Amino acid sequence: MQDLAVLFKGNNFQRLMGGLGVTLELSLISVALSVVLGLAVGVLMTLKNPVIHALMRLWLETVRIVPQLVLLFLVYFGLAKTFNLQLSGEAAAVIVFTFWGAGEMGDLVRGAITSIPAHQRESAAALGLTKAQSWRYVLLPQAARRLIPQAINLATRMIKTTSLVMLIGVVEVLKVGSQIIDAARYDAPQAAVWIYAVVFFLYFFACWPISLAAGWLEKKWS
Amino acid sequence: MDTEFMRKFLPMYVKAAGLTLRLGAAGILLSLVVGAVCCWVRFAKVPVVRRVAGAYIELARNTPLLVQLFFLYFGLPKVGIKLSAETCAVTGLTFLGGAYMAEALRSGMEAVDPVQNEAGLCLGLTPAQNLRFVILPQALATAIPAIGANAVFLIKETSVFSAVALVDLMYVAKDLIGMYYKTDEALLMLTVAYLALLLPLSIAFSLLERRLRHAGFGRAV
Amino acid sequence: MEKTVLEIRNLTKRFDGAGVLNDISFSVREGEVIVIVGASGCGKSTLLRCINRLEQPDGGEILLDGKPVGGGDMVAVRRQIGMVFQSYDLFPHMDVLGNLSLGPVQALKRPKAEVEAEAKAALARVGLADKLHALPRQLSGGQKQRVALVRALLMHPRMLLLDEITAALDPEMVREVLNVVLDLARDGMTMLIVTHEMRFAEAVADRVIFLDGGHIAEEGAPDQFFHHPQTERARQFLNTFEFDSIKKS
């Protein structure tokens, strides 16, 4: 237990928090880009055009089936080699997570739009609302209630997935944790179990409140 | 593309894919067991244990597998608990997957109309018979899409196993990139290997899902 | 004098402190058909559900063939009391034959071949001989309810509880279901029926029980209840089914 003290030695704690900051920053940028792109992608996905439909489908299936770590490798190592484009790990991470997140978000948006029953559209029209008015007052509020909890869940998945970036050399919370453990391997041989437990709970307390909020909204709006 | 190189290292990929598949399958099956137990504990309202199951599900769902594995593989040995890399991998995958499977099964159970339970009881079935013949077939049919999605998700998650020194697909690819600088070939084979593993699984589950939906019971999730 | 099949003594049930059933007592003789009527929320369904313990009563006693119901083995009691619900409670993952044979084969451990032969014959009697292997979703609402009735009957119950079994049906299907119930009544099946079909109630009932605010407000022969109700509450209730006096002015 006394090896946990390593956490507060020197500036270790600040460094770990800094690592968490990198994790959250990468997640936040990727989530924000995914939401913006995903809204557009989702609308594209509802179009009947067969070419767009097939392309969107291919994109979605790709990000669903290929592991995020493989995508990271493809972008980080593959782009560097093929196009002689030396990306930083952070840039590769944002590209991959946005590519993945925008696809998933797009599908959520598509699901939310198509889930509105046809009779809602019809009764809005029957009330004499214009198309814009029925979207504004009837259809979008219903779609949003379905979309928002799912989008929040996607955000927690993206935060968790950010842990992968240490495997392409980004120094985030898990990597900082390993560095602290390495530096203290003689003074505090048991530090590993404590530091990794701390990192575990840091992730937990970053994601859990967001999951709770999603669950709460889902229950409230269902 | 250096096809000679690719042919030479193909057996390494095949072996690594075998490892991924073996550990992934073990993790998925154990996840289903853990998930079923958690789901049962929550539905049967077993006191205390039910809270523990709830806490476990929240912990597992809100933390990354990579961090769980670091704790198991690098942390625990320092306090005298030494597990092999494979044991760590399967334990971590089960810890993560059990929570997801529990949620999939729970939503399946909740989708069964309560009147079905009553109808079974009114026929004089015992609670166990009712579960077996009336409730479970319907709950599982509803849960199948989510179980399938979880299975694909868990196989994808195995890609972090290389971090605990298991020679999986990622490990082989990284090795080949590092040693021979054959980046394109290594990455192509890596991607193809994962597609070969996951595409059939994904297609099989969507066919099963379509058949179940065609059978016309259970709600879409 | 016929035997008493079911006896209810001082039955009480509360939800969140509010009384739904207060001190209900009556008995059902063998072969008797009792129809329970009353406004929505008067506790009719709760009464039926207390009898086979889908709801736990808060007080009183229920006796089936003189033996108290509850406490111990509810499975055995439920095997003797058939129940059909308002919503379609057929098992959607089994065909009609599977639905019909599940109870007799699994609960009563009867030989499968014997049960299936009986199921076929019973299905033919309600005009559904060709639906043996249909799935519930392929049946109309009226057909589903007829299958549900046959399913309950194949358990050879001491009595049947019918909980608004036509309430979810389109009007043209109500008749085909009620005809089956009328046939059962003629064959001497003991039944406790909750319904909103007043004409049917009058035709099938040996006795009518009018529930109001969780009490038995009035009880009597159908002739008397429907044409000469004794209480003001019963008159008001029966009036809600009359449209003759209403005119578009």
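Residues numbered from 1 in each chain as written. Chains lettered and ligands numbered in written order. Predicted model: local features only at pLDDT ≥ 70, side-chain atom pairs only at ≥ 80, totals over all residues. Heavy atoms only, no water.

## Some words on the interface of chain A and chain B
Between chain A and chain B, the residue contacts involve 36 residues of the former and 37 residues of the latter. Around 3,400 Å² of area is buried between chain A and chain B when both sides are counted, 75% of it from carbon and sulfur atoms. Taken together, the links from chain A to chain B amount to zero salt bridges. Joining chain A to chain B, the criterion identifies eight residue pairs in polar contact (both at pLDDT 80 or more). Within the residue set of the side of chain A that touches chain B, elements represented by two or more residues are α2 (50-65), α3 (68-82), α7 (173-183) and α8 (191-221) of chain A. Among the elements that take part in the side of chain A that touches chain B, α8(A) stands out by supplying twelve residues, more than any other. (Contact = heavy atoms within 4.5 Å. Buried area = accessible area lost by both parts, 1.4 Å probe. Salt bridge = Lys/Arg side-chain N within 4 Å of Asp/Glu carboxyl O. Polar contact = N/O pair within 3.5 Å; in protein donor to acceptor, adjacent residues only side chain to side chain. Helix = DSSP H or I, 4+ residues; strand = E, 2+ residues; numbered from the N terminus.)

## Re the pairing of strand β8 (residues 191-194) of chain C
Residue and element names in this part refer to chain C. Because side chains alternate across β8, one face comprises the buried residues Met191 and Ile193, and the other comprises Leu192 and Val194, equally buried. Across four bridges, strand β3 (residues 33-37) lies against β8 in parallel orientation. Residue pairing for β8: isoleucine 34 is matched across the bridge by leucine 192. The pairing of strand β7 (residues 159-163) with β8 spans four bridges and is classified as parallel. (Buried < 20%, exposed > 50% of the residue type's maximum accessible area, 1.4 Å probe, protein only. Pairing = 2+ DSSP bridges.)

## Structural notes on a nonpolar patch on the surface
A contiguous nonpolar patch, built from B:Leu195, B:Leu199, B:Ile203 and B:Leu207 and spanning about 330 Å² of accessible area, is present on the exposed surface. Accessibility expressed as a relative area gives 46% for B:Ile203, which makes it partly exposed. (Patch = residues over 30% accessible without salt bridge, like charges linked within 9 Å, V, L, I, M, F, W, Y side chains within 5 Å. Areas by Shrake-Rupley, 256 points an atom, 1.4 Å probe, with all protein chains shown as cover.)

## What to know about the sheet that holds strand β6 (residues 81-84) of chain C
Each strand in a sheet pairs with another by means of backbone hydrogen bonds, the pair being arranged parallel or else antiparallel. Residues and elements named next belong to chain C. Read from one edge of the open sheet, six strands run β6-β7-β8-β3-β9-β10, paired in mixed fashion. Because the sheet does not close on itself, it has two edges, and the strands there are β6 and β10 (215-220). Each strand of the sheet is rotated relative to its neighbour by a mean of 20°, with strand direction disregarded. Of the pairings in the sheet, the one linking strand β9 (residues 207-212) to β10 comprises five bridges and is antiparallel in character. Looking across to β10, one finds that aspartate 212 is bridged to histidine 215. Across the face of the sheet, helix α1 (residues 44-51) comes into contact with β3, β6, β7, β8 and β9 while running at roughly 145° to β7. (Axes fitted to C-alpha atoms, helices over the stretch in contact; angles between N-to-C directions.)

## Quick notes on the arrangement of the chains
Ranking the two pairs of chains in contact by contact count places chains A and B at the top. One thing to see here is that chain A and chain C don't touch, and their nearest C-alpha atoms sit 22 Å from each other.

## Considerations on the sheet that holds strand β4 (residues 59-64) of chain C
All names here are of chain C. The antiparallel open sheet is built from four strands, whose spatial order is β2-β1-β4-β5. Of all strands in the sheet, those bounded by a partner on one side alone are β2 (18-29) and β5 (67-68). In the sheet, strand β1 (residues 4-15) pairs with β4 via five bridges, with the strands oriented antiparallel. Pairing of isoleucine 8 across the sheet is with isoleucine 62, part of β4. Here α1 sits on the sheet and contacts β1, β2 and β4; the angle it forms with β1, its principal contact strand, is near 120°.

## Some points on the interface of chain B and chain C
Between chain B and chain C, the contact holds 21 residues from the first and 25 residues from the second. When the two sides are added together, the surface that chain B and chain C hide from each other amounts to roughly 1,900 Å², 65% of it contributed by carbon and sulfur. Our count for the contact surface shared by chain B and chain C stands at one salt bridge. Notably, a salt bridge pairs C:Arg49 with B:Glu118, separated by 2.6 Å at the nearest N-O pair. Taken together, the links from chain B to chain C amount to five residue pairs in polar contact (both at pLDDT 80 or more).

## As for unusual backbone geometry
With phi around 65°, B:Val48 is a residue other than glycine that occupies positive phi space. Among the structural elements, B:Val48 can be located in the loop between α1 (3-43) and α2 (49-61). One non-glycine residue, C:Asn10, adopts positive backbone phi at about 55°. By secondary structure assignment, the location of C:Asn10 is in strand β1. Here C:Asn10 falls in the partly exposed class, since its relative accessible area comes to 40%.

## A closer look at the packing of aromatic side chains
Per the stated rule, a full pass over the model turns up 24 aromatic pairs over all chains. Ring centres of A:Tyr196 and B:Phe74 lie 6.5 Å apart, and the angle between their planes is 45°; on these two criteria the pair is classed as tilted. Highlighted residues: A:Tyr196 in helix α8 and B:Phe74 in helix α3 (residues 65-75), drawn from two different chains. Considering the side-chain rings of B:Phe5 and B:Phe9, the 4.7 Å spacing of their centres and the 50° angle between planes classify their relative orientation as tilted. (Phe/Tyr/Trp six-rings, centres within 6.5 Å; stacked < 30°, edge-to-face > 60°.)

## Comments concerning α2(B)
Residues and elements named next belong to chain B. Given a rise of 1.5 Å per residue, 13 residues ought to cover 18 Å, and the 18 Å separating the end C-alpha atoms of α2 matches this to within 8%. Every buried residue of α2 is accounted for by Ala53, Gly54, Tyr56, Ile57 and Ala60. In a view along the axis of α2, the buried residues occupy a sector of 160°, so they form one face of it. Structural note: α2 exposes Arg51 and Val52 on the side pointing more than 90 degrees away from its buried face. Where α2 is buried, its residues contact α1, α3 and α4 (85-111). (Expected span 1.5 Å × (residues − 1). Arc of directions from axis to C-beta.)

## A few points about the side chain of A:Asp107
Residue and element names in this part refer to chain A. By the secondary structure assignment, aspartate 107 is in helix α4 (residues 89-114). You can call aspartate 107 buried: its relative accessible area is 12%. If we ignore the near neighbours within four places in the chain, the residues touching aspartate 107 are Met45, Leu60 and Arg64.

## Points about the confidence of the model for chain B
Mean pLDDT over chain B stands at 91; residues scoring 70 or higher make up 96%. Overall fold confidence (pTM) sits at 0.86, and the ipTM for the predicted complex is 0.90. (pLDDT = per-residue confidence, 0-100.)

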